[in-house]
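# Summary of the model geometry
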Amino acid sequence: MPMKTLITPLLAAALLTATGASHAQVDRYGYKLPPSMQQKAKKKTPPAKKKTVPAIDYVGEYVNFGEWKEVRAFLDDVATRNGFDRKALDALMTQVRYVDAAVQLVKPAPPGKPKNWHAYSALTIEPTRIDGGVKFWNDNVDALNRAEALYGIPAEILVGIIGVETVYGRVTGRFRVVDALATLAFSYPEAPQRDARMEFFRGELEATLLFARQNGIDPLSLRGSFAGAMGMPQFMPSSVMKYAVDFDGNGQIDLLNSASDAIGSVAAFLAAHGWQREIGGPLVYSAAVSPNKAWEPMLHQGLTAKYAPQDLIAAGVTTTVPVPEQQTYGLVDLQNGADPTEYWLANTNFFAITQYNRSYFYAMSVVELGRAVRLARGGM
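In this report, we go over the structure that sits alongside the text.

Rules used throughout
Residues numbered from 1 in each chain as written. Predicted model: local features only at pLDDT ≥ 70, side-chain atom pairs only at ≥ 80, totals over all residues. Heavy atoms only, no water. Helix = DSSP H or I, 4+ residues; strand = E, 2+ residues; numbered from the N terminus. Buried < 20%, exposed > 50% of the residue type's maximum accessible area, 1.4 Å probe, protein only. Contact = heavy atoms within 4.5 Å. Areas by Shrake-Rupley, 256 points an atom, 1.4 Å probe, with all protein chains shown as cover. Phe/Tyr/Trp six-rings, centres within 6.5 Å; stacked < 30°, edge-to-face > 60°. Lys NZ or Arg CZ within 6 Å of the ring centre and 35° of its normal. Axes fitted to C-alpha atoms, helices over the stretch in contact; angles between N-to-C directions. Parallel < 35°, antiparallel > 145°, perpendicular 65-115°, else oblique. Left-handed = near helix turned anticlockwise from the far one by under 90°. Nonpolar A, V, L, I, M, F, W, Y, C, P; charged D, E, K, R; others polar. Arc of directions from axis to C-beta.

### Considerations on the overall build of the protein
Of regular secondary structure, the protein possesses 14 helices and eight strands. Counting only residues that meet the buried cut, the protein has 49% of its 380 residues in that class. Long-range contacts, defined here as pairs at least 24 residues apart, represent 69% of the contacts in the protein between residues at least 6 apart. Surface accessibility of the protein: about 19500 Å² in total, with carbon and sulfur atoms responsible for 55%.

Next up, the structure:
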């Protein structure tokens, strides 16, 4: 998933509700703040220096998560429902670290900067990924063919997803998954959906514990992204539990080192999220829109293909080539900053890709990278 720049750490003073040398400082939710966020005595401001991008701290810092009331309640619940030894969970939590970098990286981009598909695509559809995709396809042609036959997902889409996600396994993440998930599950930054996001990450933390137990793995050995995604396809732990498959038949699932398992698992995920093998041809068709803007209500109507071609035509949407009349489509807008927006008609299989990452930019980059790799291999 896309690279993001680490931004300035949280201003601890805005969160403090208790201060003083003899009292632990806590945030508004009653959690003891980690050392890096404790209020310190003001120092004389040194002369301004040239700004540099801070390095990402993948290790984090020790906090006693076991002291946090909601962590204890979570562990009680997990132990009861899943038969974990409660003391073993307590021992694990003493080794979990707070990763402020995960908190910073999960924040949305600052408002005001317009979306730009051309800039986004330049980062993903580029020579390194295209050349790497050709090699990945050639090295794994049998697995890709089997996945297409079994699940109906074209090889170029599978190559496109794994290429966009991790450059074919080169960049799979350096955070300890348990650290990142625990941090986000109990110290998610202020946001409108904060409670829902913390609930999501608690579910992913539980899935990590279950996955590790099921496979005899030390949960602290798992590495992934700042949000806890793992392996070549960057599956969240719950997706690993639900959709990962042993596609190379060696008796274990390894999304980090087995390209076959990664390929089969991505295909299984898409098949379970609406991909229709009977739909052939392109996933998207370049479109033009009329000045009357009768088509505007068709934008942003959920990640589904719901409009018949005749309805789109009646609203002033046209395509350079005829689209299959038996299919339905969604109208996709790809903004280009100050330049004109691109419009596309996208079918059901395009929107299946958005279930992997809920972004038009992401799904289009998968389509375009896969196509570029296919052409580079000499395909038509």
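### Some remarks on the packing of aromatic side chains
Considering all chains together, one arrives at 19 aromatic pairs under this definition. Ring plane angle 40° and centroid distance 6.5 Å describe the contact between Tyr 151 and Phe 247, whose orientation is recorded as tilted. Separated by 96 residues along the polypeptide, Tyr 151 in helix H6 (residues 141-151) and Phe 247 in the loop between helix H10 (237-243) and helix H11 (259-272) bring together distant segments of the chain. For the pair Tyr 356 and Tyr 362, a centre-to-centre distance of 6.3 Å together with 10° between the ring planes defines the contact as stacked. For Tyr 362, a relative accessible area of 1% corresponds to the buried category. Grouped by ring-pair contacts, the aromatic residues Phe 235, Tyr 243, Phe 269, Tyr 356 and Tyr 362 constitute a single cluster. The ring of Phe 247 carries Arg 146 above its face, with NZ or CZ at 4.0 Å from the centroid. Over the ring of Phe 84 we find Arg 213, and its NZ or CZ is 4.1 Å from the ring centre.

### Comments concerning the packing of helix H1 (residues 69-82) against helix H2 (residues 86-93)
Packing of H1 against H2 leaves a shortest axis separation of 10 Å and a crossing angle of 140°. As the angle between them shows, H1 and H2 are arranged oblique. The way H1 lies across H2 gives a crossing that is right-handed. Residues Val 71, Arg 72, Leu 75, Asp 76, Val 78 and Ala 79 of H1 pack against Arg 86, Leu 89, Asp 90 and Met 93 of H2. Residue composition of the contact of H1 with H2, by class: six nonpolar, no polar and four charged.

### Concerning the side chain of Ser 260
Assignment of secondary structure puts Ser 260 in helix H11. Note on Ser 260: relative accessible area 17%, which makes it buried. When sequence neighbours within four positions are dropped, the list of residues in contact with Ser 260 reads Ala 143, Phe 247 and Asp 248.

### Quick look at H6
Listed in full, the buried residues belonging to H6 are Ala 143, Leu 144 and Ala 147. The buried residues of H6 all sit within an arc of 100° when viewed along its axis, so they share a single face. Opposite its buried face, H6 presents the exposed residues Asp 142 and Ala 149, each directed more than 90 degrees away. At the exit of H6 stands Gly 152, carrying a positive phi of roughly 85°.

### Things to note about the environment of Met 364
Considering the arrangement of structural elements, one finds Met 364 in helix H14 (residues 360-376). Sequence separation between Met 364 and Ile 353 is 11 residues; the distance between their C-alpha atoms is 8.9 Å.

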